[in-house]
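Overview (structure and organization)
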Amino acid sequence: MTTIPHTASHQAPSREELEALRQRYRAERERRVRPDGVAQYQATDAEFGYYAADPYVAETEAADREPLHDTVDVAVVGGGFGGILAGARLRQRGVGSVRIVETGGDFGGTWYWNRYPGIHCDIESHVYLPMLDETGYVPEWKYAPGEEIRRHAVRVARRSGLYEDALFSTSVTALTLDEATGTWVVATDRGDAFRATYVVTSTGTLSTPKLPGIPGIEDFKGHTFHTSRWDYAYTGGTPDGGMTGLADKRVGVVGTGATGIQVIPMLAQDAGHVHVFQRTPSTVDVRANRRTTARDVGADREGWAHERRENYLRIVSGEPADQDLVADRWTESAGLLEKLLPSFRRQGDREAFEAAYEAADAAKMNELRARVEQTVTDPDTAERLKPWYRYACKRPTFSDQYYDAFNRDNVTLVDTADTHGIERVTEHGVVVGGTTYELDCLIFATGFSVGTSGVLSGKLPVHGRGGTQLLHAWASRGPRTLHGFTSNGFPNLIQMGSLQNASSVNFTHVLDEQAVHAAALVAAAEAGDALVEPSREAEDAWLAALAEDAPDHEWFHAECTPGYYNREGRGRPNGPTAYPHGAHAFHRLLKRWREDSMTEVLQPRTPTKDR
Ligand code: NDP
C-alpha cells in the first residue's frame, strides 16, 4: 500500500467511522456555506476608519518630500521579506542602485503591520528567518515573536544597504514601459515618476485587511479595529500583553483563525470579559515553544541554517528526508499537506494514496478533537470548539494557551455557525441567534483579502509593450509566465509571489529562492547588455509543464468547509497554477535552468541602454 510520508501514526479509523465522519463533515459544511460566498466581505478602507493612517509613523515623518524623477537600476515594489531579499540578492550580484518602494513606514511587510498581542510565527524561526548564515543571527525562540522577526527584516535590509535609497510611506500606482528608452516609469502616490531599467514586484499575497459585511457594522459606537492595525493607544500594553486599558472592558473578538488563536489568550489575561465569536473552529495543535540556543540548532557549523531550511522544505514538500531537524507538528503532519499546497509531491497509485490519505487525515483530526476534550473543562464549550472537516480544508494552527483560555470565567465562546456568522452589529454590541452581547470594544481578526495585493488584483496597473496592460493581456487565456517570473511583452519585469511557481508553508524560503533567481536574471542581462523577456514558446512550454501531472484537488476543496482556500465553499478550480512536483524540486529546476538555459530569456536590447 502507498504510504503517506511523515504522517502522525495514530490509529486508523474503520470504514464505518470514515463514513460517519464524511457525513458529519458534510452537515457541518452546510451550517457554514453562505449564498453570498466571497461577497460577504468588505474592504477596510470604508469611511468608518478601520484602515486608519499608519499607526507606526508620526504624520511629520511621512511629511511631504520632493517627488523623484531620477533613474535607478532596479525598482523593487514592496518592502516585505520578498522585496528585502530581492534587494539583498541583487546587492550580492553587485547591482548598485536598488530602490525599494514600500507603503509602510519601514521594512517588514506583514511583520510591520501586524503587531497584535501574542504575535508569533508558527513556522520554526530557524527556518523562517532568512539569511541567518549570512547575518550570523541565531533566533532566541523556536517560534519567534513578531518583533524579533520585524527586527530581523530591518537587520537584513540594513546589512544590504537598502535604506539608502528606499522610499517609505509610498505606494506604487503604475508601472509603464517607455519603449523609446527601454526603461520602466514607476509612478507613486507621492508624485514620483522615476525610471528603472528593471522592476521586481513583491507585493504580498495576504496584505489587505478585510471585514465581514455584517449588517450594522458601521453603527457600532464602541471602540473597534482590525488585528493588523492593533490600537495600543486604546488597549494599553504591548505585543507581550499588559493591556491595562481593557481591564474593565467587555471585548468581542470576531475570528478564530491563525491570528485569533494567538490574540484570544492574551485578551483573556487582560480584559474584563472576552466574547469569542466563532464561526469555524480552527485545528489547534501542540506548539511547544521554547528558548533555543545556538548549540540546539548546531549554529556553530557553517551553513547550518541553509541545511536546516532545505531539510524542512523537503519534508513539507512531500519529499523523503533522512532526518527531521525541525521535528514539530508541521513536519509530523507533512503527509497531510498535499491538498493544502498545489505543489506537493504525490506518491504512487492514486486510489491507494487517497484511501491512505483520508485514513491518516481522520486519525489526525480525531487526535485534535481529543485535545479539545482533554483541555476544555466545560463539555458544551469543548464540543463547540471541535473542528469537523478534513485537515487541509483550513490552515492548521498551533497553540498551547488557546484552549485553556476557555476555562477562565471571563471568556465566553459564542458559536455563530447556525447563523453563518454574526447576524448583526448594533450601536452597543453584537447579535447572534437573537441574543445581543453588549460590548465596549469589538476586534476583527477576520483576515485578509486573497489576491488583492498589487499586480494580480489590477490595483497596480502594469503597461508593457504597445501600452498593453498585463491583466488585459492575460484576460482571455489566463496568466502566462515563464516560471512565474517573467512574461512576453513585459521586458525586464520580474514578478515574485505565488503565481505559476511553487509555494510552501515556509514562504520566506520560497521568497528567498525567488530573490536569488530574480537577481541572477538581472545580473545575466547586465552582463550581456540584454533584456529579460521570455518568448511565447517558452511561456507555452512552462504552462504545459504545469498542466502535465497537475493534481486534481478540485473535488477535495469543493467538499471542504468554506474558507479562503476554496472561495468560501465554491471550490478551487484546477489549473496550471503551480509546479506540481513541490517547492524543493522547483528550486532544483530553477538552479539547473540558470546553469544551462538562462540565455533563452535574454533578448537583444533595442534601443541600446542609455542612461
Ligand atoms: P483567517 O482568514 O484565517 O481567519 C478569519 C476568521 O474570521 C475565521 O475564523 C473566519 O471564520 C472569521 N470570520 C469571518 N467572517 C466572519 C463572520 N461574519 N462571523 C464570524 N466569524 C467570521 O485570518 P487570520 O488573520 O487568522 O489569518 C490569515 C492568514 O495569515 C493565515 O491563514 C496565515 O496564512 C497568516 N498567519 C500566519 C501566522 C503564522 O504564525 N505563520 C499567524 C497569523 C496569521 P470562518 O473560518 O468560518 O470563515
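In this numbering scheme, every chain counts its residues from 1 along its sequence in written order. At least 70 in pLDDT is required for a residue's local features to be given in this predicted model, at least 80 for side-chain atom pairs to be given and counted, and no such filter applies to totals for whole chains, interfaces and linings, which use all residues. Side-chain metrics in this entry use all non-hydrogen atoms of the structure; hydrogen atoms and water are not considered.

1. Some points on the sheet that holds strand β10 (residues 273-278)
Two strands make a pair as long as DSSP finds a minimum of two bridges between them. Helix numbers and strand numbers start at the N terminus; a helix is a DSSP run of H or I with at least 4 residues, a strand a run of E with at least 2. On the basis of which strands lie adjacent, the open sheet formed by five strands has the order β8-β17-β9-β10-β13 and parallel pairing. Single-partner strands in this sheet number two, and they are β8 (223-226) and β13 (411-415). Across this sheet, the average inter-strand angle for adjacent strands is 15°, counted without regard to direction. Pairing between strand β9 (residues 250-254) and strand β17 (residues 441-444): four bridges, direction parallel. From the neighbouring strand, Val 254 faces β17, where its bridge partner is Phe 444. Note on definitions: angles span 0 to 180 degrees between N-to-C directions of axes, and those axes are lines fitted to C-alpha atoms, for helices only across the stretch in contact.

2. Overview of the pairing of strand β16 (residues 435-438)
Bridge analysis of strand β15 (residues 429-432) against β16 gives four bridges, and the strand direction is antiparallel. Of the residues in β16, the one forming a bridge with Gly 429 is Glu 438. In this structure, the hairpin formed by β15 and β16 is closed by a connection of two residues, where Gly 433 is found at a positive phi of approximately 55°.

3. Focus on the state of the cysteines
The criterion for a disulfide is a pair of cysteine sulfur atoms lying within 2.5 Å. Applying the stated criterion across every chain yields a total of one disulfide. Disulfide pairing places Cys 393 opposite Cys 560 at an S-S distance of 1.9 Å. Disulfide Cys 393 to Cys 560: torsion about the S-S bond roughly -75°, handedness left-handed. In this pair, Cys 393 sits in the loop between α12 (379-385) and β12 (397-398) while Cys 560 sits in the loop between α17 (554-558) and α18 (583-596), placing the two residues 167 residues apart along the sequence. A 1.4 Å probe rolled over the protein chains alone gives each residue an accessible area, and that area as a share of the maximum for its type sets the label: buried under 20%, exposed over 50%, partly exposed in between. Looking at Cys 393, the relative accessible area reads 5%, which means it is buried.

4. Describing the environment of Cys 121
Mapped onto the elements of the fold, Cys 121 is located in the loop between α3 (110-113) and α4 (125-128). The contact criterion used is simple: two residues touch if any of their non-hydrogen atoms lie within 4.5 Å. If we ignore the near neighbours within four places in the chain, the residues touching Cys 121 are Trp 111, Tyr 128, Tyr 143, Ala 144 and Ile 149.

5. A short note on the site of the ligand
The rule for a residue being near a molecule or strand is that one of its heavy atoms must lie within 4 Å of it. Around the ligand, the surrounding shell holds 26 residues, and the nearest of these are Asp 122, Thr 259, Thr 280, Lys 394 and Tyr 564. Here an oxygen atom of the ligand sits 2.9 Å away from a polar atom, N or O, in the main chain of Thr 256. Ile 422 is positioned such that a nitrogen or oxygen atom in its backbone is 3.3 Å from a nitrogen atom of the ligand. Here the accessible surface of atoms and residues is derived via Shrake-Rupley with a 1.4 Å probe, and residues count as covered only by protein chains that are part of the display. Here the ligand loses 89% of its free accessible area of 920 Å² to cover by the protein chains. Counting contributing residues, the shell around the ligand receives three or more from each of domain 1 (66-206 + 450-534 + 581-604) and domain 2 (215-282 + 395-446). Nitrogen and oxygen atoms within 3.5 Å of one another constitute a polar contact, given that in protein one can donate a hydrogen and the other can accept it, and given that sequence-neighbouring residues count only through two side-chain atoms. Note that the domain bounds were set by an automatic or database domain assignment.

6. Description of unusual backbone geometry
The phi dihedral of Ser 169 is positive, around 50°, even though this residue is not glycine. Mapped onto the elements of the fold, Ser 169 is located in the loop between α6 (146-159) and β4 (172-178). Under the relative-accessibility criterion, Ser 169 is labelled buried at 19%. A positive phi angle is found at Asp 529, which is not glycine, with a value near 45°. Assignment of secondary structure puts Asp 529 in the loop between α15 (507-527) and β21 (530-532).

7. Looking at helix α2 (residues 81-92)
Between the first and last residue of a helix there are one fewer steps than residues, each counted as 1.5 Å, and that sum is the expected span. Over its 12 residues, α2 runs 16 Å from end to end, which matches the ideal 16 Å to within 8%, given 1.5 Å per residue. In terms of burial, α2 is a largely internal element, 10 of the 12 residues being buried. The first or second residue beyond α2 is Gly 94, which carries a positive phi of 85°.

8. Here we look at the sheet that holds β16
Overall, antiparallel pairing links the three strands, which are arranged β14-β15-β16 in an open sheet. The two strands at the open ends of the sheet, each matched to only one other strand, are β14 (424-425) and β16.

9. Quick notes on α15
Spanning 21 residues, α15 covers 30 Å between terminal C-alpha atoms, matching the ideal 30 Å at 1.5 Å per step. Along α15, 17 of the 21 residues are buried, which leaves the element largely enclosed by surrounding structure. Asp 529 sits one or two residues past α15 and shows a positive phi near 45°.

10. Some thoughts on the environment of Gly 272
If you trace the backbone, Gly 272 turns up in the loop between α8 (260-270) and β10. When its relative accessible area of 30% is taken as the criterion, Gly 272 is described as partly exposed. Sequence separation between Gly 272 and Gly 245 is 27 residues; the distance between their C-alpha atoms is 9.8 Å. Contacts of Gly 272, omitting those with residues within four sequence positions, involve Leu 246, Ala 247, Asp 248, Lys 249 and Asn 410.

11. A short note on the packing of helix α9 (residues 304-316) against α18
Put simply, α9 and α18 touch, their axes get as near as 7 Å, and they point 120° apart. One element, α9, and the other, α18, form an angle in the oblique class. Contact with α9, carried on its side by Glu 310, Leu 313 and Arg 314, involves Ala 583, His 584 and His 587 of α18 and no other residues of that element. Residues are grouped as follows: nonpolar covers Ala, Val, Leu, Ile, Met, Phe, Trp, Tyr, Cys and Pro; charged covers Asp, Glu, Lys and Arg; every other residue, Gly included, is treated as polar. Residues that form the contact of α9 with α18 fall into these classes: two nonpolar, two polar and two charged. Angular relationships are summarised with four words: roughly parallel below 35 degrees, roughly antiparallel beyond 145, roughly perpendicular across 65 to 115, and oblique for the angles in between.

12. Points about the domain arrangement of the protein chain
The domain boundaries assigned to the protein chain delineate domain 1 (66-206 + 450-534 + 581-604) and domain 2 (215-282 + 395-446). Summarising the inter-unit geometry, the C-alpha centres of domain 1 and domain 2 are found 35 Å apart. Counting residues at the interface gives nine residues for domain 1 and 15 residues for domain 2. By convention, the term buried area covers the 1.4 Å-probe accessible surface removed from two parts as they join, with the contributions of both added. Of the roughly 1100 Å² buried at the junction of domain 1 and domain 2 (both faces included), carbon and sulfur atoms supply 54%. When the buried area of domain 1 at its contact with domain 2 is split by residue, Tyr 116, Pro 117 and Asp 122 rank highest and sum to 56% of it. In this structure, the salt-bridge partner of Arg 395 is Asp 122, at a minimum N-O distance of 2.9 Å. Counting across the domain 1 and domain 2 interface gives five residue pairs in polar contact (both at pLDDT 80 or more). Taken together, the residues of the side of domain 1 that touches domain 2 sort by class into four nonpolar, three polar and two charged. Counted as salt bridges are all cases of a side-chain nitrogen of Lys or Arg within 4 Å of a carboxyl oxygen of Asp or Glu.

13. A closer look at the nonpolar core
Among buried residues, the Ala, Val, Leu, Ile, Met, Phe, Trp, Tyr and Cys ones that are joined through side-chain atoms within 4.5 Å form a nonpolar core. If you look at the biggest cluster of nonpolar residues, it comprises 125 residues, and the most contacted ones within it are Phe 81, Trp 230, Leu 267 and Tyr 402. Taken domain by domain, this core gets at least three of its residues from each of domain 1 (66-206 + 450-534 + 581-604) and domain 2 (215-282 + 395-446). Beyond its immediate sequence surroundings of up to four residues, Phe 81 is in contact with Trp 111, Tyr 128, Leu 129, Pro 130, Ile 149, His 152, Ala 153, Thr 508 and Leu 511. Of all hydrophobic cores here, the second largest spans 21 residues; its members include Val 72, Leu 177, Val 199 and Trp 474.

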